[in-house]
Amino acid sequence: METDNPFCPIRQQAVPSAEELQDGGSDDPLNEQDISITPVLIRRYEGRAVFLISSECAMYCRFCNRKRMVGRGWDPGEFFEESFRYLSGDTTIREVILSGGDPFMIPPGLLDKILSRLRTMQHVKTIRISTRLPVVDPGRMTREHFTILKRHGPLWIVIHINHPREITPEFLENVRRFRGAGSVMVSQTVLLRNVNDCENILLKLFEALVSEGVKPYYLFQLDEVRGGRHFKVRLEKGIRIMKALRAKASGLAMPQYAVDITGGLGKVPVDYAYLKGRKGKKAYIENMSGATGIYTDDGDESRCKQCGLCK
Ligand code: SF4
């Protein structure tokens, strides 16, 4: 981080600024408290649950949507037993997302116990760990962490990374060790004004991740958190950036641009509308350079006959 450069992308994400005093936003923009089963278990979607196993983080991003609870000195462990009871009792949950704070901030032995407990639940097929620690404090990832990940694998690791300058040799060493432990790696990035709201910056980030075996998964529109307004980028600009990226990047390097609708209505993709219209069976579709072609859309629309489950 360049401490004397106010435009340093790392500094802007980490150091408080007077702009945070602007009006707007809320402490819980996604309304997580109202849909929480326990104070550490969030259930927004059918089939999956978010388990907040740590209240500490290595970064304390200024735009964090859980500022209300991260780094506030409370112990999520008090609510683990009731959370495990719910998770083991609801057999519709197929995926558990470990989050926080940062799951790698808890003692490795405790992480091991949590993963062991989840692996006893036959219905929980997939475990995802959302983390920023391997990027912002890579030296805290220990040999013990990777031994544990290997024991409970395959695990999905979602790396929060926002700028190509966050790709350091130490981070890349962690990526290699995750892969060695059999983890599947994807990334999520938050679109931030004056930090990464540029197709060239994002192209560099996403291509570097792909070349190291990390699939860019989501580019998130900023949640409307109190004190984060100065980081906001207009949706239309985000869509333009994604369109420019699509013209340059391989599909592997393209994340899904998405917005989590304020108030807790859920996450939806936002994208440029390449289908420009139709006349009868002619569908007019724009290509990456702005030229419009015609696709003869005379295919079948009826229900498939395979599974018999569709309504
Ligand atoms: S890494 Fe995630 S949980 Fe931690 S402060 Fe940043 S946004 Fe919040």
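Since the structure is predicted, the reported quantities are computational estimates derived from the model, not experimental observations.

Asker: Looking at this structure, I do not really get the site of the ligand. What am I missing?
Answerer: Around the ligand, the neighbouring residues are Cys57, Met59, Tyr60, Cys61, Cys64, Arg66, Val70, Gly100, Gly101, Asp102, Arg132 and His160. In terms of residue class, the shell around the ligand is built from six nonpolar, three polar and three charged.

Asker: Teacher, can you tell me more about the pairing of strand β13 (residues 292–296) here?
Answerer: In the case of a regular strand, side chains alternate between the two sheet surfaces. Little of β13 is tucked away, with zero of its five residues classed as buried. Pairing between strand β12 (residues 282–286) and β13: five bridges, direction antiparallel. Residue pairing in the sheet places Glu286 in a bridge with Thr292 of β13. Count of turn residues in the β12/β13 antiparallel hairpin: five residues, of which Gly290 carries a positive phi of about 95°.

Asker: Sorry, what's going on with unusual backbone geometry here?
Answerer: Most peptide bonds adopt trans geometry, and most residues besides glycine take a negative phi value. Across the junction of Gly100 and Gly101, the peptide omega takes the value 20°, indicating a cis bond. Residue position: Gly101 is located in the loop between β4 (95–99) and α3 (108–119). For the bond running from Gly153 to Pro154, omega is 0°, close enough to zero to count as cis. With respect to the helices and strands, Pro154 occurs in the loop between α5 (143–151) and β6 (156–160). With a phi close to 55°, Asn31 is a non-glycine residue in the positive phi region. Overall, the presence of 15 C-beta atoms within 10 Å leaves Asn31 in the partly exposed class. Notably, Asn194 is not glycine yet its phi reads approximately 65°, a positive angle.

Asker: Help me out: how do you make sense of the sheet that holds strand β9 (residues 256–261) in this one?
Answerer: Sheet strands associate in pairs through backbone hydrogen bonding, adopting either a parallel or an antiparallel arrangement. Taken in spatial order, the ten strands line up as β1-β2-β3-β4-β5-β6-β7-β8-β9-β10 in an open sheet, and their pairing is mixed. In the strand order of this sheet, the two ends are held by β1 (36–38) and β10 (266–269), each with one partner. Summarising the sheet, β9 and β10 pair through four bridges and their orientation is antiparallel. Following the sheet pairing, Asp260 is matched in β10 by Lys267. Seen against the sheet, helix α2 (residues 80–89) touches β1, β2 (41–42), β3 (48–52) and β4 and runs at an angle of roughly 115° to β1. The sheet contacts of helix α7 (residues 199–211) involve β7 (184–190) and β8 (215–220), and relative to β8 the element is tilted by about 150°.

Asker: So what exactly am I meant to see when it comes to the sheet that holds β12 here?
Answerer: Pairing in this open sheet of three strands is antiparallel, and the strands run β11-β12-β13 from one edge to the other. Strands at the two margins of the open sheet, each flanked by one partner only, are β11 (275–279) and β13. Between one strand axis and the next, the sheet turns by 25° as a mean value, whatever way the strands run.

About the criteria used
- Residues numbered from 1 in each chain as written.
- Predicted model: local features only at pLDDT ≥ 70, side-chain atom pairs only at ≥ 80, totals over all residues.
- Near = placed C-beta within 6 Å.
- Nonpolar A, V, L, I, M, F, W, Y, C, P; charged D, E, K, R; others polar.
- Buried ≥ 20, exposed ≤ 12 C-beta atoms within 10 Å, placed from the backbone.
- Helix = DSSP H or I, 4+ residues; strand = E, 2+ residues; numbered from the N terminus.
- Pairing = 2+ DSSP bridges.
- Contact = placed C-beta atoms within 7 Å.
- Axes fitted to C-alpha atoms, helices over the stretch in contact; angles between N-to-C directions.

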